[in-house]
Amino acid sequence: MKDSDCIFCKIAAGEIPCTKLLEDDSAIAFLDIGPLAPGHALLIPREHYVTVDQMPADVAADVLKHLPALGRAVQAAVGCEGFNILQNNGSVAHQVVPHVHFHVIPRNPDDEFGFNWPAGSYPPGRIEQLAEDIRKHLK
Ligand code: AMP
Ligand code: ZN
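Visitor: Can you help me understand helix α2 (residues 57-64) in this one?
Guide: For the α-helix, the turn length of 3.6 residues means that residues three or four positions removed from each other point alike. Within α2, the full set of buried residues consists of Val59, Ala60 and Val63. Take α2 and look down its axis: the buried residues cluster within an arc of 100°, on one side only. Of the exposed residues in α2, the ones pointing more than 90 degrees away from its buried face are Ala57 and Asp58. In this fold, the buried residues of α2 make contact with β2 (27-31), β3 (41-45), α3 (67-78) and β5 (102-107).

So this is what it looks like as C-alpha coordinates:
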(Lines give C-alpha, C1' and ligand atoms only; values in the text may rest on other atoms or scores of the structure.)
(Ligands and ions follow the chains in the order given, each with its own letter.)
Protein backbone atom coordinates (compact mmCIF):
# COMPACT_ATOMS: atom_id res chain seq x y z
CA MET A 1 0.00 0.00 0.00
CA LYS A 2 1.53 3.26 -1.16
CA ASP A 3 0.34 6.83 -1.74
CA SER A 4 2.08 8.34 -4.76
CA ASP A 5 1.79 11.85 -3.27
CA CYS A 6 3.27 10.88 0.11
CA ILE A 7 6.79 12.02 0.94
CA PHE A 8 7.37 9.22 3.46
CA CYS A 9 6.17 6.58 0.95
CA LYS A 10 8.75 8.01 -1.45
CA ILE A 11 11.43 7.78 1.25
CA ALA A 12 10.41 4.19 2.03
CA ALA A 13 10.63 3.32 -1.68
CA GLY A 14 14.07 4.97 -2.01
CA GLU A 15 12.67 7.51 -4.48
CA ILE A 16 13.85 10.45 -2.41
CA PRO A 17 16.86 10.41 -0.12
CA CYS A 18 16.94 10.18 3.63
CA THR A 19 19.61 9.73 6.27
CA LYS A 20 18.76 6.11 7.02
CA LEU A 21 19.28 4.54 10.44
CA LEU A 22 17.67 1.13 10.04
CA GLU A 23 15.30 -0.71 7.75
CA ASP A 24 13.61 -4.05 7.29
CA ASP A 25 10.58 -5.37 5.40
CA SER A 26 8.12 -3.50 7.64
CA ALA A 27 9.82 -0.32 8.81
CA ILE A 28 12.42 2.30 8.15
CA ALA A 29 14.00 4.86 10.47
CA PHE A 30 15.87 8.00 9.45
CA LEU A 31 16.92 11.36 10.83
CA ASP A 32 14.35 14.16 10.85
CA ILE A 33 15.45 17.02 8.56
CA GLY A 34 13.99 19.57 10.97
CA PRO A 35 15.36 18.24 14.25
CA LEU A 36 14.14 19.45 17.63
CA ALA A 37 17.55 18.24 18.83
CA PRO A 38 20.50 16.57 17.11
CA GLY A 39 19.68 12.89 16.63
CA HIS A 40 15.89 13.48 16.33
CA ALA A 41 14.79 10.35 14.44
CA LEU A 42 11.62 9.12 12.76
CA LEU A 43 10.42 5.51 12.64
CA ILE A 44 7.78 4.77 9.99
CA PRO A 45 5.95 1.77 8.54
CA ARG A 46 6.91 1.03 4.93
CA GLU A 47 3.23 0.86 4.06
CA HIS A 48 1.07 3.97 3.93
CA TYR A 49 -1.21 4.49 6.93
CA VAL A 50 -2.23 8.03 7.80
CA THR A 51 -2.84 7.56 11.52
CA VAL A 52 -1.84 4.90 14.02
CA ASP A 53 -5.42 3.69 14.55
CA GLN A 54 -5.50 2.59 10.87
CA MET A 55 -2.60 0.18 11.36
CA PRO A 56 -3.26 -3.55 11.66
CA ALA A 57 -1.95 -4.75 15.02
CA ASP A 58 0.69 -7.01 13.48
CA VAL A 59 2.05 -4.18 11.33
CA ALA A 60 2.15 -1.90 14.37
CA ALA A 61 4.03 -4.58 16.31
CA ASP A 62 6.53 -5.08 13.48
CA VAL A 63 7.25 -1.33 13.41
CA LEU A 64 7.19 -0.64 17.15
CA LYS A 65 9.57 -3.49 17.95
CA HIS A 66 12.36 -1.21 16.72
CA LEU A 67 11.71 1.55 19.26
CA PRO A 68 13.78 0.20 22.19
CA ALA A 69 16.93 -0.30 20.09
CA LEU A 70 16.43 2.98 18.23
CA GLY A 71 15.97 4.87 21.49
CA ARG A 72 19.10 3.25 22.98
CA ALA A 73 21.17 4.00 19.86
CA VAL A 74 20.10 7.64 19.62
CA GLN A 75 20.73 8.13 23.33
CA ALA A 76 24.18 6.51 23.12
CA ALA A 77 25.15 8.47 20.01
CA VAL A 78 24.14 11.95 21.15
CA GLY A 79 24.61 11.46 24.88
CA CYS A 80 21.18 12.83 25.80
CA GLU A 81 19.79 12.30 29.27
CA GLY A 82 16.43 10.99 28.07
CA PHE A 83 14.13 10.99 25.06
CA ASN A 84 10.50 11.41 24.13
CA ILE A 85 8.58 9.16 21.78
CA LEU A 86 6.00 11.38 20.11
CA GLN A 87 3.39 10.32 17.59
CA ASN A 88 0.90 12.81 16.16
CA ASN A 89 -2.47 11.80 14.67
CA GLY A 90 -4.41 14.42 12.74
CA SER A 91 -3.67 18.06 12.06
CA VAL A 92 -5.33 19.03 15.34
CA ALA A 93 -2.58 16.95 16.99
CA HIS A 94 0.12 18.71 14.92
CA GLN A 95 0.48 15.95 12.33
CA VAL A 96 1.97 17.55 9.22
CA VAL A 97 3.07 14.48 7.23
CA PRO A 98 0.06 12.16 6.71
CA HIS A 99 2.02 8.90 6.98
CA VAL A 100 2.37 7.36 10.46
CA HIS A 101 5.67 8.22 12.11
CA PHE A 102 7.11 7.93 15.59
CA HIS A 103 9.44 10.72 16.65
CA VAL A 104 12.41 9.84 18.87
CA ILE A 105 13.40 13.17 20.38
CA PRO A 106 16.57 13.46 22.48
CA ARG A 107 16.07 15.43 25.70
CA ASN A 108 18.49 17.24 27.97
CA PRO A 109 17.97 19.43 31.02
CA ASP A 110 16.99 22.97 30.05
CA ASP A 111 16.56 22.15 26.35
CA GLU A 112 14.06 24.26 24.43
CA PHE A 113 11.49 21.58 23.64
CA GLY A 114 8.53 21.66 26.01
CA PHE A 115 4.94 20.54 26.27
CA ASN A 116 1.95 22.50 27.35
CA TRP A 117 0.54 19.82 29.70
CA PRO A 118 -2.55 21.33 31.30
CA ALA A 119 -3.46 18.37 33.53
CA GLY A 120 -7.08 18.41 34.63
CA SER A 121 -9.15 16.31 37.01
CA TYR A 122 -12.44 14.33 36.92
CA PRO A 123 -15.59 15.02 38.87
CA PRO A 124 -16.73 12.05 41.04
CA GLY A 125 -17.80 9.02 38.96
CA ARG A 126 -16.65 10.37 35.61
CA ILE A 127 -13.41 8.37 35.38
CA GLU A 128 -15.21 5.05 35.89
CA GLN A 129 -17.90 6.01 33.32
CA LEU A 130 -15.30 6.98 30.73
CA ALA A 131 -13.35 3.76 31.27
CA GLU A 132 -16.56 1.78 30.76
CA ASP A 133 -17.24 3.60 27.46
CA ILE A 134 -13.70 3.03 26.22
CA ARG A 135 -13.76 -0.67 27.20
CA LYS A 136 -17.00 -1.10 25.20
CA HIS A 137 -15.23 0.23 22.11
CA LEU A 138 -12.26 -2.08 22.67
CA LYS A 139 -14.52 -5.13 22.27
P1 AMP B 1 4.62 15.70 12.26
O2 AMP B 1 4.38 17.12 12.68
O3 AMP B 1 4.48 14.75 13.41
O4 AMP B 1 3.81 15.31 11.04
O5 AMP B 1 6.16 15.64 11.87
C6 AMP B 1 6.64 15.56 10.58
C7 AMP B 1 8.15 15.55 10.67
O8 AMP B 1 8.68 15.12 9.44
C9 AMP B 1 8.77 16.93 10.97
O10 AMP B 1 9.53 16.85 12.16
C11 AMP B 1 9.64 17.19 9.73
O12 AMP B 1 10.84 17.86 10.03
C13 AMP B 1 9.89 15.80 9.21
N14 AMP B 1 10.16 15.70 7.79
C15 AMP B 1 9.42 16.20 6.77
N16 AMP B 1 9.97 15.87 5.58
C17 AMP B 1 11.08 15.14 5.85
C18 AMP B 1 12.10 14.52 5.04
N19 AMP B 1 12.07 14.59 3.69
N20 AMP B 1 13.10 13.86 5.66
C21 AMP B 1 13.14 13.79 7.01
N22 AMP B 1 12.22 14.36 7.83
C23 AMP B 1 11.21 15.03 7.26
ZN1 ZN C 1 2.87 7.32 2.80
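Visitor: Could you clarify how one ought to interpret the site of ligand 1 in this entry?
Guide: As a matter of local geometry, ligand 1 sits amid 16 residues, with Asp32, His94, Val96, His101 and His103 nearest to it. A distance of 2.8 Å separates an oxygen atom of ligand 1 from a polar side-chain atom of His103. In the complex, the protein chains occlude 82% of the 510 Å² of accessible area that ligand 1 would expose alone. Elements that contribute at least two residues to the shell around ligand 1 include exactly α1 (7-12) and β2. Broken down by class, the residue content of the shell around ligand 1 amounts to nine nonpolar, six polar and one charged.

Visitor: Looking at this structure, I do not really get the coordination of the zinc ion (ligand 2). What am I missing?
Guide: By definition of the ideal shapes, four donors in a tetrahedron about a metal sit 109.5 degrees apart, and six donors in an octahedron sit 90 or 180 degrees apart. Bound to the zinc ion (ligand 2) are the protein donor atoms Cys6 (SG), Cys9 (SG), His48 (ND1) and His99 (ND1), situated 2.0 to 2.3 Å from the metal. Here the zinc ion (ligand 2) is ringed by four donor atoms whose angles at the metal span 104 to 116°, and the overall shape comes out tetrahedral. Expressed as a motif, the donor residue spacing for the zinc ion (ligand 2) is C-x2-C-x38-H-x50-H. Each of the two residues, Cys6 as well as Cys9, counts as buried.

Visitor: I keep staring at the sheet that holds β5 and nothing clicks. Help me out?
Guide: Sheets are built from strands paired through backbone hydrogen bonds, the pairs being either parallel or antiparallel. Spatial ordering of the open sheet is given by β1-β2-β3-β5-β4, a layout of five strands whose pairing is antiparallel. The sheet is open, and its two borders are formed by β1 (20-23) and β4 (82-86), each paired with just one other strand. Sheet twist, expressed as the mean angle between neighbouring strand axes with direction ignored, is 15°. The sheet contact formed by β4 and β5 spans five bridges and is antiparallel.

Visitor: What's the story with the pattern of salt bridges in this structure? I'm lost.
Guide: If the charged atoms of two oppositely charged side chains come close together, the side chains can form a pair. Using the criterion set out here, one finds six salt bridges in the structure. In this structure, the salt-bridge partner of Arg107 is Asp111, at a minimum N-O distance of 2.9 Å. Note on Asp111: relative accessible area 26%, which makes it partly exposed. A salt bridge links Asp133 to Lys136; the shortest N-O distance between them is 3.7 Å. Highlighted residues: Asp133 and Lys136, both in helix α4 (residues 126-138), separated by three residues, approximately one helical turn. Its relative accessible area of 34% is what places Asp133 among the partly exposed residues. Lys136 sits in the exposed class, given a relative accessible area of 51%. In the salt-bridge network here, residues are joined through shared partners; they are Lys20, Glu23 and Arg46.

Calculation criteria
- Residues numbered from 1 in each chain as written.
- Chains lettered and ligands numbered in written order.
- Predicted model: local features only at pLDDT ≥ 70, side-chain atom pairs only at ≥ 80, totals over all residues.
- Heavy atoms only, no water.
- Buried < 20%, exposed > 50% of the residue type's maximum accessible area, 1.4 Å probe, protein only.
- Helix = DSSP H or I, 4+ residues; strand = E, 2+ residues; numbered from the N terminus.
- Arc of directions from axis to C-beta.
- Contact = heavy atoms within 4.5 Å.
- Near = heavy atom within 4 Å.
- Polar contact = N/O pair within 3.5 Å; in protein donor to acceptor, adjacent residues only side chain to side chain.
- Areas by Shrake-Rupley, 256 points an atom, 1.4 Å probe, with all protein chains shown as cover.
- Nonpolar A, V, L, I, M, F, W, Y, C, P; charged D, E, K, R; others polar.
- Donors = N, O, S within 2.8 Å, 3.2 Å for Na, K, Ca; no water.
- Tetrahedral: all angles 85-135°; square planar, octahedral: opposite > 155°, others 65-115°.
- Pairing = 2+ DSSP bridges.
- Axes fitted to C-alpha atoms, helices over the stretch in contact; angles between N-to-C directions.
- Salt bridge = Lys/Arg side-chain N within 4 Å of Asp/Glu carboxyl O.

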